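Reading the structure
Residue-level listing of the chains:
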Amino acid sequence: MTYEYPTEYDVIVVGGGHAGCEAALAAARMGCRTLLLTINADAIGLMSCNPAIGGLAKGHLVREIDALGGEMAKAIDATGIQFRQLNTSKGPAVRSSRAQADKQRYRLWMKQALESVYGLDVKQAMADAVLVEGGKAVGVETNLKVRYRGKTVVLCTGTFLKGLVHIGLVNFPAGRAGDFPSMKLSDSLRTLGFTVGRLKTGTTPRLDGKTIDFSRTIRQDGDAEPVPFSFENSKITRPQIPCYMTYTSAATHAAIRSGLSRSPLYSGVIQGIGPRYCPSIEDKVVRFSEKERHQVFLEPEGLSTAEYYPNGVSTSLPYDIQVKMLRTIPGLERVEIVRPGYAIEYDFVDPVQLHPSLETKIVENLFHAGQINGTSGYEEAAAQGIVAGINAAGKAKGLPPVVLGRAEAYIGVLIDDLVTKGAQEPYRMFTSRAEYRLLLREDNADLRLSDTGYRVGLLPEGRYRQFLRKREGLVDFVRRLEETRVAHDAPIRRLAEAAGGGPVRTGISYAELLRRPEVTVGMLLSCDGGLAAGVPGVAQQAELAIKYEGYIRRQEEEAKKIRKYEEMRFPHDFPFEGVYGLSTEVRDKLVRVRPASIGQAQRIPGVTPAAVALLLVALKKGKTRSR
């Protein structure tokens with residue numbers, strides 16, 4: 001007998017990982033009655049793999065989530081135990097933030113954030129099927145035969161869809177080690193007509209810190225002045241602790257090779273495709289056999305635990321080989337394993353079956369976010385989660401979808417890549433994936449996205465007012481730099497010339513002076529105390545805007561030209577199969593993806609400029625034919 005739960009929700013979110021948390025919080029904060037279903041209510045927001053948030057390009061995503069009104073940045077600011085700015089010696093477009101998290105405190109912060117929102121119910125249950133009526137999702141049915149009804153459904157299932165854990169030649173069903181898998185939901189999706197595939201990811205052993213000899217490793221401290229992720233915060237006050245670095249050796253590689261015959265990767269047991277950019281240690285040893293050693297970062301899992309995460313040795317080798325290889329690494333000669341490393345295979349749904357809003361094309365009112373779309377990484381999942389939550393709430397309210405462009409956000413790049421190209425392997429974000437990197441810096445995420453977050457009702461009034469003050473302060477600071485002139489006896493003249501530049505002309509503006517590579521805004525502030533008056537935190541942003549003004553303007557012009565193609569939209573039922581002159585290959589790709597615009601069609605691999613020209617003609621004149 002099936003029990004119909006009496007409450008009808010606006011939004012039902014399945015999954016309590018990073019995607020599910022952001023989706024549920026977004027929907028509820030936008031005023032929708034929201035339900036979050038999770039297999040284990042104690043594992044909400046749990047970091048299944050490395051205990052860290054951010055990294056190259058990933059830090060950009062976290063800042064963008066925060067600018068929209070999400071939770072991840074605030075959670076890591078409150079629970080981070082080591083903060084570092086990466087790529088500081090390189091240009092501003094590729095600088096990123098990363099922080100080690102206190103893993104358990106992060107989980108508890110996120111759980112409390114969900115529980116503190118009125119109108120958001122959290123229930124422990126396993127979703128077995130999506131309920132569909134008339135081509136629209138209307139709820140879910142759980143393993144306890146309880147039916148929850150909702151106007152929209154968001155699936156954020158992580159690695160739980162038919163998850164299978166591998167340690168050597170031993171394998172067992174699990175969503176992750178210690179948690180039940182979801183064995184029926186992906187079958188429900190197949191029945192609805194979705195193309196479902198299989199991917200693989202993995203994690204490292206967890207080590208007992210009491211058995212590590214840190215004197216044989218290299219200490220790595222965080223930044224002396226940690227920079228927060230959230231634009232809401234001005235500083236980090238939590239205690240900071242070090243990480244440590246060591247290396248594999250020839251003995252390590254020999255130990256790994258001795259176990260390859262029992263490796264599920266090399267014995268054909270694992271069928272899923274693994275991540276190219278985060279390979280297991282056995283994969284690195286085989287593929288890069290010429291390398292004498294590989295870095296291993298020993299990352300603490302928290303202030304109240306002895307466990308360490310050895311970043312760089314993700315593995316699914318047998319337990320005895322894991323012990324053998326680890327004990328050949330300097331500092332780990334007597335190490336004890338608390339939890340073994342493992343690989344996990346899981347089902348995912350081809351993301352070309354999604355609209356850019358993350359609503360599925362096959363079933364209306366159904367949204368997918370996170371690893372179900374073929375991505376890897378907490379940040380990628382959370383970024384999709386907040387967009388899916390915003391659009392599911394918007395759909396329940398009858399509002400148009402929010403779609404972020406590639407020149408507007410890394411989130412836009414991420415989602416466009418997924419829905420246009422699909423995922424043949426676990427997708428990971430890199431700065432190189434973005435064409436307009438100078439426009440999409442970490443520091444200006446609030447300038448790019450806060451208006452959107454406020455418009456949809458997600459960014460709180462207080463945060464938005466804070467943002468407006470900052471934006472006005474930035475404009476005022478740049479104006480003062482442009483209007484203030486260098487006097488003949490100004491200290492900045494001597495300082496700038498001593499820094500290695502040529503003579504400084506009397507009467508040039510501070511802005512013109514700041515365009516010199518050797519001159520920094522800090523030098524200007526040290527010589528002119530009056531400049532410091534105003535909104536704090538805008539000086540560095542003003543410096544970047546002035547120094548890179550020409551490059552930024554050029555990228556803005558390029559983005560403007562591309563935008564016109566995004567505005568050339570195909571009707572929902574546009575007959576791609578009937579466009580005259582297309583090759584069979586191109587036609588098949590267009591039918592598979594069904595792009596929303598000429599711009600998206602251009603980005604489908606294999607769609608040629610000639611094919612785009614034919615699409616333009618067909619779109620403008622309606623010249624189609626039947627196959």
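Residues numbered from 1 in each chain as written. Predicted model: local features only at pLDDT ≥ 70, side-chain atom pairs only at ≥ 80, totals over all residues. Heavy atoms only, no water.

Where like charges cluster on the molecular surface, the positive patch consists of Lys561, Lys564, Lys620 and Lys621. Counting only elements with at least two residues in the positive patch, the list comes to helix H17 (549–566) and helix H20 (609–621). A relative accessible area of 44% means that Lys564 is categorised as partly exposed. (Patch = residues over 30% accessible without salt bridge, like charges linked within 9 Å, V, L, I, M, F, W, Y side chains within 5 Å. Areas by Shrake-Rupley, 256 points an atom, 1.4 Å probe, with all protein chains shown as cover. Salt bridge = Lys/Arg side-chain N within 4 Å of Asp/Glu carboxyl O. Lys, Arg positive; Asp, Glu negative; His and termini not counted. Charge placed at Lys NZ, Arg CZ, Asp CG, Glu CD. Helix = DSSP H or I, 4+ residues; strand = E, 2+ residues; numbered from the N terminus. Buried < 20%, exposed > 50% of the residue type's maximum accessible area, 1.4 Å probe, protein only.)

Moving on: the domain arrangement of the protein. Note: interface size is frequently given as the accessible area lost on complex formation between the parts. Domain annotation of the protein identifies domain 1 (3–203 + 346–455), domain 2 (206–342), domain 3 (461–557) and domain 4 (567–626). With centres defined by C-alpha atoms, the gap from domain 2 to domain 3 works out at 43 Å. (Domains from an automatic or database assignment.)

Attention shifts here to helix H13 (residues 491–498). Within the span of H13, buried status applies to Ile492, Arg493 and Ala496. End-on, the buried residues of H13 take up no more than an arc of 105°, which puts them together on one face. Seen from the open side of H13, the exposed residues pointing more than 90 degrees away from its buried face are Arg494 and Ala498. Of the surrounding elements, those touching the buried residues of H13 are helix H14 (510–514) and helix H15 (521–527). Positive phi appears at Gly500, one or two residues downstream of H13, with a value of about 115°. (Arc of directions from axis to C-beta. Contact = heavy atoms within 4.5 Å.)

What the rule picks out here adds up to 54 salt bridges. Here Arg147 and Glu4 are joined by a salt bridge, their closest N and O atoms 3.8 Å apart. Of the two residues, Arg147 is situated in strand S9 (residues 146–155) and Glu4 in strand S1 (residues 3–14); the sequence distance between them amounts to 143 residues. Relative accessible area serves as the criterion here: at 36%, Glu4 is assigned to the partly exposed category.

What follows concerns the packing of helix H12 (residues 461–483) against helix H16 (residues 539–547). Two elements in contact, H12 and H16, have axes separated by 9 Å at closest approach and are oriented at 55°. The orientation of H12 relative to H16 falls into the category oblique. Judged by the sense of rotation from one axis to the other, the crossing of H12 with H16 is right-handed. Contacts between H12 and H16 involve Lys470, Leu474, Phe477, Val478 and Leu481 on the former and, on the latter, Ala539, Gln541, Ala542 and Ile546. Here the residues of the contact of H12 with H16 are counted per class, giving seven nonpolar, one polar and one charged. (Axes fitted to C-alpha atoms, helices over the stretch in contact; angles between N-to-C directions. Parallel < 35°, antiparallel > 145°, perpendicular 65-115°, else oblique. Left-handed = near helix turned anticlockwise from the far one by under 90°. Nonpolar A, V, L, I, M, F, W, Y, C, P; charged D, E, K, R; others polar.)

All right, on to the nonpolar core then. Judged by nonpolar contacts, the single largest core of 79 residues is most densely connected at Val154 and Ile411. Considering each element in turn, this core owes the most residues, eleven residues, to helix H9 (residues 378–397). Looking at which domains feed residues into this core, each of domain 1 (3–203 + 346–455) and domain 2 (206–342) supplies at least three. For Val154, the residues in contact, after removing those within four places along its chain, are Val11, Ile12, Val13, Val14, Ala23, Phe367, Ala388 and Ala392. (Core = buried A, V, L, I, M, F, W, Y, C linked by side-chain atoms within 4.5 Å.)

Moving on to the packing of aromatic side chains. Per the counting criterion, the structure on display carries eleven aromatic pairs. Plain terms: the ring middles of Tyr548 and Tyr551 are 6.4 Å apart, the flat faces sit at 50° to each other, and that makes the pair tilted. Residue Tyr548 is classed as partly exposed on the basis of its relative accessible area, which comes to 24%. Taking the centre distance of 4.8 Å and the plane angle of 45° together, the rings of Phe570 and Phe574 count as tilted. (Phe/Tyr/Trp six-rings, centres within 6.5 Å; stacked < 30°, edge-to-face > 60°.)

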